[in-house]
Amino acid sequence: MEFVALIARLALVGTFVISAVAKIRDADGARQAVRDFGVPAGIAPLVATSLAPLELASAALLLTTDLGVTAGALLALGLLAAFTAGIVTNLLRGNRVDCHCFGAMSSKPLSWWSVARNSAMMLLAAVALAGGTTQGWPWQVVSETFEGLSTAQTWLAVGLIALALVVVVLATLFFALLQRYGALLLRLEALESSPAGAHHGHGHAHEFAPWAAPEIAAVDASDADLTLDDIAADDRASLFVFVAPWCEACGELVDDFKAWQADETGPNVVVLSGGERDAITAKFGPDVRVLAHDGAPVDDYRVEYTPGAVVVSTDRMVTVTPSYGTDDVRRLYSALAGREPQDLVIGPPPVREGDPAPDVMVEVDGERMPIAAAAGDDAVLLFWDTTCGFCQQIEADVLRRQESVPLVLVLRGDSETSVREAGFTMPVALDPTFGVGGALQAPGTPTAVRLRDGEIASTVAVGGPEVLNLLASVRVMG
């Protein structure tokens, strides 16, 4: 038993050391992964910063003896249980976010294989815990229970215990799935029974189905608790704008927020931010009324990036798809001015070939410029995220084409160091808020679209195969 426990301890030490070092080397990716997992925005930076030290602490304790091994094994079990719970929750919600368990070394979408791997690691931690504390409670009780049993009886008992654990886990997952399914049915019933559900978009090629605005918990500058009814207006539409203290583009809307909130003839503008109150005040100043939240409303209102905005009508229905980026948020506010709240079922028009390039600013070599200027006369915008597993799957193909196809890499991160290290030589446009992608209705990464002479010259290619097909169709440079 001692030899098996030693092997388990060494396996855990190696895994945690590799994982911690990878997270430290790719701190930006680790922070993004924590946010993608659904950790509330207020504590996401603390969680991301704590993971690597906790993993290293567990590894160090596992190399000690007696109580140190016990503490290290318990810490390993706790970390693995938390990781597994987060993975299972996202899988049940259908969120195929990148695991990023080993930093940029292994950034792949979540799968049930991730759960199986973590379960095996938890078994190793349990073996290490048992081997490190063979004396005293509770292992003394376990030892006395199995004392006197034959080998066959011992293995049968272990098998029954393992089967019971599997049944408990499956039952937990089953009830969680039932809860998600029940919530979905209730939402569908609310949509079907709402009069606003019959409204259609005005002059657009597609329809948008309004849905019931979720309850919201927020606090104002005086720490007073507010609900949806407290912040949504009864006599006019409400524009919910989601921002963050670390969002550069959000700061560009400060003057707009001041004017909008002072204008009682337009929509009711509600600015909601994650993060600490001091950081919020430092970012937006004392003249903008910003409500703080714990991060849940961003997910509840299906907002993926900041700044992002939705409209809540007087009957508490979300009546538009989210708009992203400073320009689209401003356009949405202008579109709402003068409308009746009951008629606010609007959505962005579909992007078509021949439309002008979006008027969104990006950063190229430290200089701010419109995306059309960054693209020049003719280029393919390739929307990229270094932590995206699907991007990594086509990375080699993109690298082979970068010398023959006019490309501009639109990077969601805040640094181009990682892509340069990977071998990308094409121009890089930094767009950390995904403002260009939001304006072009790109759902994520990798996606691509061709711009020529300041106009959109292709449909938006979504996913690795479509992106590669678009690159193959573009004329060879030179």
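What you are looking at is a predicted structure, and each value in this text was computed from that prediction instead of being measured.

Structural notes on the pairing of strand β11 (residues 367-370)
So, point 1. Across 4 bridges, strand β10 (residues 361-364) lies against β11 in antiparallel orientation. Its bridge partner being in β11, M361 is matched across the sheet by P370.
So, point 2. Hairpin connection, β10 to β11: the antiparallel pair is bridged by 2 residues, and D365 has positive phi, about 50°.

Quick look at the packing of aromatic side chains
So, point 1. Taken as a whole and judged by the stated rule, the model has 6 aromatic pairs.
So, point 2. Aromatic side chains F257 and F284 sit 6.5 Å apart centroid to centroid with 50° between the ring planes, which places their arrangement in the tilted category. Within this pair, whereas F257 is found in helix α10 (residues 254-262), its partner F284 is found in helix α11 (residues 277-284), the two being separated by 27 residues in sequence.
So, point 3. Centre to centre, the rings of W260 and Y333 are 4.3 Å apart; their planes meet at 10°, and the pair counts as stacked. With W260 in helix α10 and Y333 in helix α13 (residues 326-336), the pair connects residues that are 73 residues apart, well separated along the chain.
So, point 4. Residue classification places W260 among the buried positions, given a relative accessible area of 8%.

Some remarks on the pattern of salt bridges
So, point 1. Evaluation of the coordinates by the stated rule reveals 8 salt bridges.
So, point 2. In this structure, R368 engages E252 in a salt bridge whose closest nitrogen and oxygen atoms are separated by 2.9 Å. Note that R368 is positioned in strand β11 and E252 in the loop between α9 (248-251) and α10, a separation of 116 residues in sequence.
So, point 3. With relative accessibility at 34%, the residue R368 sits in the partly exposed group.
So, point 4. Measuring nitrogen to oxygen at the nearest pair gives 2.8 Å for the salt bridge that ties R450 to D378. Taken as a pair, R450 in strand β15 (residues 447-452) and D378 in strand β12 (residues 378-384) lie far apart in primary sequence, 72 residues in all.

A closer look at the nonpolar core
So, point 1. Among the nonpolar cores identified, the biggest contains 69 residues, and L239, F240, F257, L272, F284, Y301 and L381 are the most heavily contacted of them.
So, point 2. Contacts of L239, omitting those with residues within four sequence positions, involve W260, N268, V269, V270, A309, V310, V311, L332, Y333 and L336.
So, point 3. The next biggest cluster of nonpolar side chains, apart from the first, holds 23 residues, and it includes C388, V419, V428 and V474.

Description of the environment of T84
So, point 1. Here T84 shows up in helix α4 (residues 67-93).
So, point 2. Along the backbone, T84 and S119 are 35 residues apart, and their C-alpha atoms lie at a distance of 7.7 Å.
So, point 3. Ignoring sequence-local partners within four residues, the contact set of T84 consists of V115, N118 and M122.

Notes on a nonpolar patch on the surface
So, point 1. Together, L6, I7, L10 and L63 make up a nonpolar patch on the protein surface, roughly 370 Å² of accessible area in all.
So, point 2. Tracing the chain through its elements places I7 in helix α1 (residues 2-25).
So, point 3. The class of I7 is partly exposed, set by a relative accessible area of 44%.

A word on helix α18 (residues 464-473)
So, point 1. Listed in full, the buried residues belonging to α18 are G464, V467, L468, L470 and L471. On an axial view of α18, the arc spanned by its buried residues comes to 160°, and they lie on one face. Within α18, the exposed residues directed more than 90 degrees away from the buried face are P465, N469, A472 and S473.

Section: the pairing of β15
Successive residues of a regular strand alternate their side chains across the two faces of the sheet.
So, point 1. Most of β15 is tucked away: 5 of the 6 residues are buried.
So, point 2. Direction of pairing for β12 relative to β15: antiparallel, over a ladder of 6 bridges. When the sheet's bridge partners are listed, D378 is paired in β15 with R452.
So, point 3. Across 2 bridges, β15 lies against strand β17 (residues 461-462) in antiparallel orientation. In the strand pairing of β17, A448 is matched with A461.
So, point 4. By the bridge criterion, 2 bridges tie β15 to strand β16 (residues 455-456) in an arrangement that is antiparallel.

Considering the confidence of the model for the protein chain
So, point 1. Mean pLDDT for the protein chain: 77, with 75% of residues reaching 70 or above.
So, point 2. This model gives residues 133-141 a pLDDT under 50, and the stretch forms 4 contacts once residues within four places in sequence are excluded.

Thoughts on the side chain of N268
So, point 1. By secondary structure assignment, the location of N268 is in strand β5 (residues 268-273).
So, point 2. Residue classification places N268 among the buried positions, given a relative accessible area of 15%.
So, point 3. Excluding its chain neighbours within four sequence positions, the residues that come into contact with N268 are I231, A232, A233, R236, A237, S238 and L239.

Focus on the packing of helix α15 (residues 389-401) against α18
The relative placement of two packed helices comes down to the angle between their axes together with the axis-to-axis distance.
So, point 1. In contact at an axis separation of 11 Å, α15 and α18 are set at 10° when each is read in the N-to-C sense. The angle between the axes of α15 and α18 places the two elements in the roughly parallel class. Contacts from I394, D397, V398 and R401 of α15 reach α18 at G464, V467, L468, L471 and A472.

Notes on unusual backbone geometry
So, point 1. Phi at R316 is positive, roughly 65°, even though this residue is not glycine.
So, point 2. Within the secondary structure layout, R316 lies in the loop between β7 (308-312) and β8 (317-318).
So, point 3. One non-glycine residue, D365, lies in the positive phi region at around 50°.
So, point 4. Mapped onto the elements of the fold, D365 is located in the loop between β10 and β11.
So, point 5. Given the relative accessible area of 68%, D365 is considered exposed.

Here's the deal with the environment of A76
So, point 1. With respect to the secondary-structure elements, A76 resides in helix α4.
So, point 2. Residue A76 is classed as buried on the basis of its relative accessible area of 0%.
So, point 3. Distance from A76 to L129, taken between C-alpha atoms, is 9.6 Å for residues 53 residues apart in sequence.
So, point 4. Not counting residues within four places of it along the chain, the set of residues in contact with A76 comprises F16, S58 and A125.

Comments concerning the side chain of N118
So, point 1. In this fold, N118 is placed in helix α5 (residues 112-132).
So, point 2. You can call N118 buried: its relative accessible area is 5%.
So, point 3. Within polar-contact distance, the side chain of N118 engages the side chain of T84 at 3.3 Å.

Analysis parameters
Residues numbered from 1 in each chain as written. Predicted model: local features only at pLDDT ≥ 70, side-chain atom pairs only at ≥ 80, totals over all residues. Heavy atoms only, no water. Pairing = 2+ DSSP bridges. Helix = DSSP H or I, 4+ residues; strand = E, 2+ residues; numbered from the N terminus. Phe/Tyr/Trp six-rings, centres within 6.5 Å; stacked < 30°, edge-to-face > 60°. Buried < 20%, exposed > 50% of the residue type's maximum accessible area, 1.4 Å probe, protein only. Salt bridge = Lys/Arg side-chain N within 4 Å of Asp/Glu carboxyl O. Core = buried A, V, L, I, M, F, W, Y, C linked by side-chain atoms within 4.5 Å. Contact = heavy atoms within 4.5 Å. Patch = residues over 30% accessible without salt bridge, like charges linked within 9 Å, V, L, I, M, F, W, Y side chains within 5 Å. Areas by Shrake-Rupley, 256 points an atom, 1.4 Å probe, with all protein chains shown as cover. Arc of directions from axis to C-beta. pLDDT = per-residue confidence, 0-100. Axes fitted to C-alpha atoms, helices over the stretch in contact; angles between N-to-C directions. Parallel < 35°, antiparallel > 145°, perpendicular 65-115°, else oblique. Polar contact = N/O pair within 3.5 Å; in protein donor to acceptor, adjacent residues only side chain to side chain.

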